[in-house]
Amino acid sequence: MGKRWYAIHTYAGQEDRVKANLEQRIESFGIKDKISRILIPKEKIAEVRNGKRKIYKRKFFPGYILIEAELDDQTRYVISNTPGVTGFVGPRSKPIPLDKKEVDNIEYRMGLLEKKPKPGIVFEIGETVRITQGPFANFQGEIIEINPQQQRLKVLVSIFGRETPVELEYVNVEKL
């Protein structure tokens, strides 16, 4: 069967405590070989308060923990009966594993993975692309400038009826 990623629902604000409880239970039940990683999806956020820039980590899926496990009766029992865990995401009888691409996107957002552009993708000025990440996700725009050395594009996006240039990395857009 192999290890797959699963989302676990927890009480909001208890994610760190639940992770510590899970790690302790995994150790005491001797199932380290069946559960390899536990992630609390967090991203770095920069904020300016009182004129000072502060960087902190914010949970972007509060109330959820991701766990990479080989799910059998024993591991499901240990995880489900950990204090603070309210259950797996998916039907009670059969938790649904997460898609590998979904986990990669979460790890990228957490800064654990770097996305590499697909080799051979060539952009052209005047071409229309869709933005896949960031504040302009799902917007479409026309490429007005290309910087292949830095792998960045300048895309003209229509926001509230006004054309606005947005600078993006290759990995944040897709061809239409």
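Keep in mind the model is a prediction, meaning the values are calculated, not measured. (Residues numbered from 1 in each chain as written. Predicted model: local features only at pLDDT ≥ 70, side-chain atom pairs only at ≥ 80, totals over all residues. Heavy atoms only, no water.)

Draft legend 1. View of the UniProt feature "domain: KOW" (unreviewed entry) in the protein. Those residues carrying the UniProt feature "domain: KOW" (unreviewed entry) are residues 122–149 in this numbering. Between the C-alpha atoms that bound residues 122–149 there is a distance of 13 Å. The span itself is 0% helix and 43% strand. (UniProt positions renumbered as here; feature names shortened; annotations may be inferred. Helix = DSSP H or I, 4+ residues; strand = E, 2+ residues; numbered from the N terminus.)

Draft legend 2. Just the sheet that holds strand S9 (residues 152–159), in detail. With antiparallel pairing, five strands are arranged side by side in an open sheet as S10-S9-S8-S7-S11. Unpaired on one side and paired on the other, strand S10 (162–169) and strand S11 (173–175) mark the two borders of the sheet. Pairwise comparison of adjacent strand axes, ignoring direction, gives a mean angle of 45° for this sheet. By the bridge criterion, three bridges tie strand S7 (residues 128–131) to S11 in an arrangement that is antiparallel. Bridged to Arg130 within S11 is Glu174. (Pairing = 2+ DSSP bridges. Axes fitted to C-alpha atoms, helices over the stretch in contact; angles between N-to-C directions.)

Draft legend 3. The arrangement of unusual backbone geometry in detail. A positive phi angle is found at Asn138, which is not glycine, with a value near 75°. Tracing the backbone shows Asn138 in the loop between S7 and strand S8 (140–147). Exposure remark for Asn138: the relative accessible area of 57% places this residue in the exposed category. With phi around 55°, Gln151 is a residue other than glycine that occupies positive phi space. Relative accessible area serves as the criterion here: at 34%, Gln151 is assigned to the partly exposed category. (Buried < 20%, exposed > 50% of the residue type's maximum accessible area, 1.4 Å probe, protein only.)

Draft legend 4. Focus on the pattern of salt bridges. If you walk through the whole model with that rule in mind, you get 14 salt bridges. Residues Arg130 and Glu174 are paired through a salt bridge, measuring 2.7 Å at the closest nitrogen-oxygen approach. Residue Arg130 is found in strand S7, and its partner Glu174 is found in strand S11; the two are separated by 44 residues along the sequence. Take Glu174: its relative accessible area is 33%, and that puts it in the partly exposed class. Here Glu145 makes a salt bridge to Lys154, at a shortest N to O gap of 3.9 Å. Among the charged side chains, a salt-bridge network with shared partners connects Glu15, Asp16, Lys42 and Lys59. (Salt bridge = Lys/Arg side-chain N within 4 Å of Asp/Glu carboxyl O.)

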